[in-house]
Amino acid sequence: MTIGIGYDLAHQGPATIRRDWAGLLPDTDIERLAAVSGLAGARARAALPRVASVVVPFAVARKVFYLRSLPAYAVTTRGAYPGVEALPADAQAALLSLVYNRGAGKQGERRREMAAIGPLVAEDDLAGIAMQIRAMKRLWDPRVLPGLIDHREKEAQLVEHARRAYAPDEFARI
């Protein structure tokens, strides 16, 4: 189950849910969300009626996204791809988006491109990183998930054109 802006309850522990949403949603709603933490697939579908009435206002979702999710995934991205902070800002953003969407795992056939990106980050090989992001599109049927395939393409383009220099006041510091 996903709430807010991509906040996947299957990948958040109860303590994290309580911390992230404290003071932003009613305590009773937070406890209902914490109770379905870690559930996925059929178990999540079965539990959905217990949380279907929880309302997350967009302003609250944005606050959690910017103040909790993005900083946490930035740490995960740096752990997955040491040296990412030396890449141009747009390439960093694309890899953060990738990790936010797919996680940081690098094991197994479905994760081979994720693993291949690591050495490319260390080499500052933007073209290679973009190529690996595009190669991930093999994983999804374009008739079923065209939006996801388009998202990967946009990430690849962001990396390819990541040489833009930003002024310090153009950055959003989290």
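The structure presented is a predicted model; accordingly, all values stated were derived computationally and were not measured. (Residues numbered from 1 in each chain as written. Predicted model: local features only at pLDDT ≥ 70, side-chain atom pairs only at ≥ 80, totals over all residues. Heavy atoms only, no water.)

We now examine unusual backbone geometry. At D124, a position not held by glycine, the phi torsion is positive, near 55 degrees. The residue D124 is located in the loop between α6 (112-122) and α7 (126-135) in this model. (Helix = DSSP H or I, 4+ residues; strand = E, 2+ residues; numbered from the N terminus.)

With that out of the way, let us pick up the side chain of S69. The residue S69 is located in helix α4 (residues 58-80) in this model. For S69, a relative accessible area of 6% puts it in the buried group. Those residues in contact with S69 that lie beyond four places of it in its chain are Y7, V64 and Y100. (Buried < 20%, exposed > 50% of the residue type's maximum accessible area, 1.4 Å probe, protein only. Contact = heavy atoms within 4.5 Å.)

Next up on the list: the packing of helix α1 (residues 14-21) against α4. The interhelical angle for the contact between α1 and α4, taken along N-to-C directions, is 115 degrees, at an axis separation of 10 Å. One element, α1, and the other, α4, form an angle in the roughly perpendicular class. Here R19, D20 and W21 of α1 come into contact with α4, specifically with V60, A61, V64 and R68. (Axes fitted to C-alpha atoms, helices over the stretch in contact; angles between N-to-C directions. Parallel < 35°, antiparallel > 145°, perpendicular 65-115°, else oblique.)

Turning to the pattern of salt bridges, a few remarks are in order. All chains considered together, the criterion is met by 14 salt bridges. Its salt-bridge partner being R143, residue D141 comes within 2.7 Å of it at the nearest N-O pair. When its relative accessible area of 28% is taken as the criterion, D141 is described as partly exposed. In this structure R143 comes out as exposed when scored by relative accessible area, which is 74%. When the shortest N-O distance is used, the salt bridge between E155 and R152 registers 2.6 Å. Placement of the pair is E155 and R152 together in helix α8 (residues 146-160), with a separation of 3 residues, close to one helical turn. Note on accessibility: E155 and R152 belong to one class, buried. (Salt bridge = Lys/Arg side-chain N within 4 Å of Asp/Glu carboxyl O.)

Its 14 residues give helix α5 (residues 89-102) an end-to-end C-alpha distance of 20 Å, which sits within 8% of 20 Å, the value for a rise of 1.5 Å per residue. By the burial criterion, the buried members of α5 are D90, A91, A94, L95, L96, L98, V99 and R102. The inward-facing, buried residues of α5 abut α4, α6, α7 and α8. Positioned one or two residues after α5, G103 has a phi angle of 85 degrees, which is positive. (Expected span 1.5 Å × (residues − 1).)

Here we take up the layout of surface pockets. Take a probe with the size of a water molecule and roll it over the atoms, and the empty space left behind shows itself. One number sums up the size of the second largest pocket: a volume of about 330 Å³. In terms of lining, the second largest pocket is formed by 18 residues, of which the most central are D8, H11, Q12, Y73 and Y100. Where the lining of the second largest pocket is concerned, the elements lending two or more residues are β2 (7-8), α1, α4 and α5. Along the lines of polarity and charge, the residues of the lining of the second largest pocket split into 4 nonpolar, 9 polar and 5 charged. (1 Å grid on protein atoms, 1.4 Å probe; cavity = no way out; pocket = protein on both sides within 12 Å on 5 of 7 lines; lining within 4 Å. Points joined across faces, edges and corners; volume = space filled by probe spheres on them. Nonpolar A, V, L, I, M, F, W, Y, C, P; charged D, E, K, R; others polar.)

Below, the discussion takes up α8. Taking 1.5 Å as the rise per residue, α8 with 15 residues should run 21 Å; its terminal C-alpha atoms sit 21 Å apart, in good agreement. Looking at the buried positions of α8, the neighbouring elements they touch are α5 and α7.

This part covers the nonpolar core. L95, I117 and I129 are the most contacted members of the largest nonpolar core, which has 29 residues in total. For this core, the secondary-structure elements that each account for two or more residues are α4, α5, α6, α7 and α8. Top contributing element to this core by residue count: α5, with 6 residues. If near-sequence neighbours (up to four positions away) are discounted, I129 is found in contact with L87, L95, I117, L120, V121 and V159. (Core = buried A, V, L, I, M, F, W, Y, C linked by side-chain atoms within 4.5 Å.)

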